[in-house]
Amino acid sequence: MKKNILIDVERLKYPRSGIANVCISLIKGLDEKLCHFNYTFYGPATNIPAIQSDFKIINWKFWHKKIKVNTSSFSLIHVTHQLSDYFHSKKSNQKKVVTLHDLNFLHDKSSARKIEKSKKLVQKNIGNADAIVCISEFVKNDFLKNKHLFSLKNDVEVEVIYNGLIFPKNEKFSSEKKYEFIDRKFLLNIGVLFPKKNQEVLLELLKDNDRDLVLITSSAKSAYKESFLEKVKSLGFEKRVHILENVENNEKYFLLQHCESYCHPSLAEGFGIPPVEAMYFGKPIFLSNLTSLPEIGGDLAFYFNNFSGDSMRKTYNEGIEKFYADQENYQAKLKEKASQFSYKQMAESYEKLYERLLN
């Protein structure tokens, strides 16, 4: 008789976020394989993708923080984000898996109050976990360095399972929108406008050339966004910087297909989904050399060793020249590298972990 597993995908509340994409990938990966367990997904039912398998859904309600979901029928609970507000407790006969995406709050100049609040929430999730899954070797190493900040089970397993992506079946996309920049050379960046994403340094790459910069971001307001727009204005780049908010996937793929390059100068990244998407489209990727990004880009990416304008432009110009001198070979290798981060591989790895814990 198959055992029952509950997977917390409550973060599907934010359907355009990276964690939502990972949740969808896990659901799809499990749906497409011969599963050894009965799966139930906890999250907003309207955002859970259509599935063929006989999986069950518990619809998320805001009051579940106070009136807890009954988990007595489940042999294992998988919390897919370390800051989840649900499923902090478990029964003695249950196993628990928690996915740890990052400990950025320890490194991003958060206030002491925010650090303490985040630590307490992470502790509630991982304190009774039987396995903690890190989404990159960088996150694992960061966690092990800071393990002393948390109280854990003595026999807790810590391992790496990379995020898996669902890549589009075709590589050619069209758009009904008339982007003024589409026939010009443009750099692309995807992510919330936020200090740790560091998009402002990309403005240095627009100096002394005629390239445009396209940012796919959310509509969320922030002080960083305001200062970024002020800098754009002060540099006179209003007509060369394009901010596109809440873009649908097919539109995103269209822009990835047409960009000259993908640039991701992030200061803190647990994994980095957009660079992998750009690799799938065979685009040259320019990354910061910080946190997990060298692990994701490997020797196929070009890296900003610092963010001074001269250094960044030198890295970019040399990288673009090198890429186009051997374009076909680079594109094939980039697509092959991207395929290592498959949703099917992620689902397979998680189910193997569930089996190991329950057998």
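Quick note: structure is the one above.
The notes below deal with the structure included here. (Residues numbered from 1 in each chain as written. Predicted model: local features only at pLDDT ≥ 70, side-chain atom pairs only at ≥ 80, totals over all residues. Heavy atoms only, no water.)

**With respect to the pattern of salt bridges**
Then step 1. A full pass over the atoms with the stated rule returns 22 salt bridges.
Then step 2. Between glutamate 32 and lysine 28 there is a salt bridge, with the nearest N and O atoms lying 2.7 Å from each other.
Then step 3. Between arginine 356 and glutamate 157 there is a salt bridge whose closest N-O contact spans 2.8 Å. Highlighted residues: arginine 356 in helix 10 (residues 343-358) and glutamate 157 in strand 7 (residues 157-160), separated in sequence by 199 residues.
Then step 4. The exposure class assigned to arginine 356 is partly exposed, which follows from its relative accessible area of 43%. (Salt bridge = Lys/Arg side-chain N within 4 Å of Asp/Glu carboxyl O. Helix = DSSP H or I, 4+ residues; strand = E, 2+ residues; numbered from the N terminus. Buried < 20%, exposed > 50% of the residue type's maximum accessible area, 1.4 Å probe, protein only.)

**Some thoughts on the sheet that holds strand 7**
Then step 1. The strand order across the open sheet formed by 7 strands is 3-2-1-4-5-6-7, and the pairing between neighbours is parallel. A single partner strand is all that each edge strand has here, and the edge strands are strand 3 (56-59) and strand 7. The mean inter-strand angle of the sheet, taken between neighbouring strand axes irrespective of direction, is 20°.
Then step 2. The pairing of strand 4 (residues 76-79) with strand 5 (residues 95-100) spans 4 bridges and is parallel. (Pairing = 2+ DSSP bridges. Axes fitted to C-alpha atoms, helices over the stretch in contact; angles between N-to-C directions.)

**Observations concerning the packing of aromatic side chains**
Then step 1. A complete count under the given rule lists 28 aromatic pairs for this structure.
Then step 2. For the pair phenylalanine 41 and phenylalanine 55, a centre-to-centre distance of 5.6 Å together with 70° between the ring planes defines the contact as edge-to-face. Highlighted residues: phenylalanine 41 in strand 2 (residues 37-43) and phenylalanine 55 in the loop between strand 2 and strand 3, separated in sequence by 14 residues. Both residues of the pair, phenylalanine 41 and phenylalanine 55, count as buried.
Then step 3. Through a chain of ring-to-ring contacts, the aromatic side chains of Phe286, Phe302, Phe304, Tyr316, Phe323, Tyr324 and Tyr330 assemble into a single cluster.
Then step 4. Above the ring of phenylalanine 237, the side-chain terminus of arginine 240 is found at 4.9 Å from the ring centroid. (Phe/Tyr/Trp six-rings, centres within 6.5 Å; stacked < 30°, edge-to-face > 60°. Lys NZ or Arg CZ within 6 Å of the ring centre and 35° of its normal.)

**Some remarks on the side chain of serine 292**
Then step 1. If you trace the backbone, serine 292 turns up in the loop between strand 12 (285-288) and helix 7 (293-297).
Then step 2. Judged by its relative accessible area of 0%, serine 292 falls in the buried class.
Then step 3. If near-sequence neighbours (up to four positions away) are discounted, serine 292 is found in contact with Ser136, Phe138, Glu269, Gly270 and Phe271. (Contact = heavy atoms within 4.5 Å.)

**Some thoughts on the pairing of strand 1 (residues 3-8)**
Then step 1. With 6 bridges connecting them, strand 1 and strand 2 associate as parallel partners. Bridging across to strand 2, asparagine 4 finds its partner in asparagine 38.
Then step 2. Once the chain exits strand 1 it traverses helix 1 (residues 18-31) before rejoining the sheet at strand 2, and the crossover so formed is right-handed.
Then step 3. One ladder, built from 4 bridges, connects strand 1 with strand 4; its direction is parallel. Paired with isoleucine 7 across the strands is histidine 78, a residue of strand 4. (Right-handed = clockwise from strand over helix to strand, strands pointing away.)

**What about the packing of helix 8 (residues 309-325) against helix 9 (residues 327-338)?**
Then step 1. Contact geometry for helix 8 and helix 9: axes closest at 5 Å, N-to-C directions at 95°. Between helix 8 and helix 9, the angle is such that the two are roughly perpendicular. Where helix 8 approaches helix 9, its residues Lys322, Phe323, Tyr324 and Ala325 are matched on the opposing element by Gln327, Tyr330, Gln331 and Leu334.
Then step 2. In the contact of helix 8 with helix 9, the residues fall into 5 nonpolar, 2 polar and 1 charged. (Parallel < 35°, antiparallel > 145°, perpendicular 65-115°, else oblique. Nonpolar A, V, L, I, M, F, W, Y, C, P; charged D, E, K, R; others polar.)

**With respect to the sheet that holds strand 13 (residues 302-304)**
Then step 1. Strand order across the open sheet formed by 6 strands is 10-9-8-11-12-13, with parallel pairing between neighbours. Across the chains shown, the open sheet's two edge strands, defined by having one partner strand only, are strand 10 (241-245) and strand 13. Averaged over all adjacent pairs, the angle separating strand axes in this sheet is 25°, with direction ignored.
Then step 2. Bridge count for strand 11 (residues 261-264) against strand 12 is 3 bridges, and the pairing is parallel. Bridge pairing in strand 12 links histidine 264 to leucine 287.

Geometric values such as these leave the question of function open.
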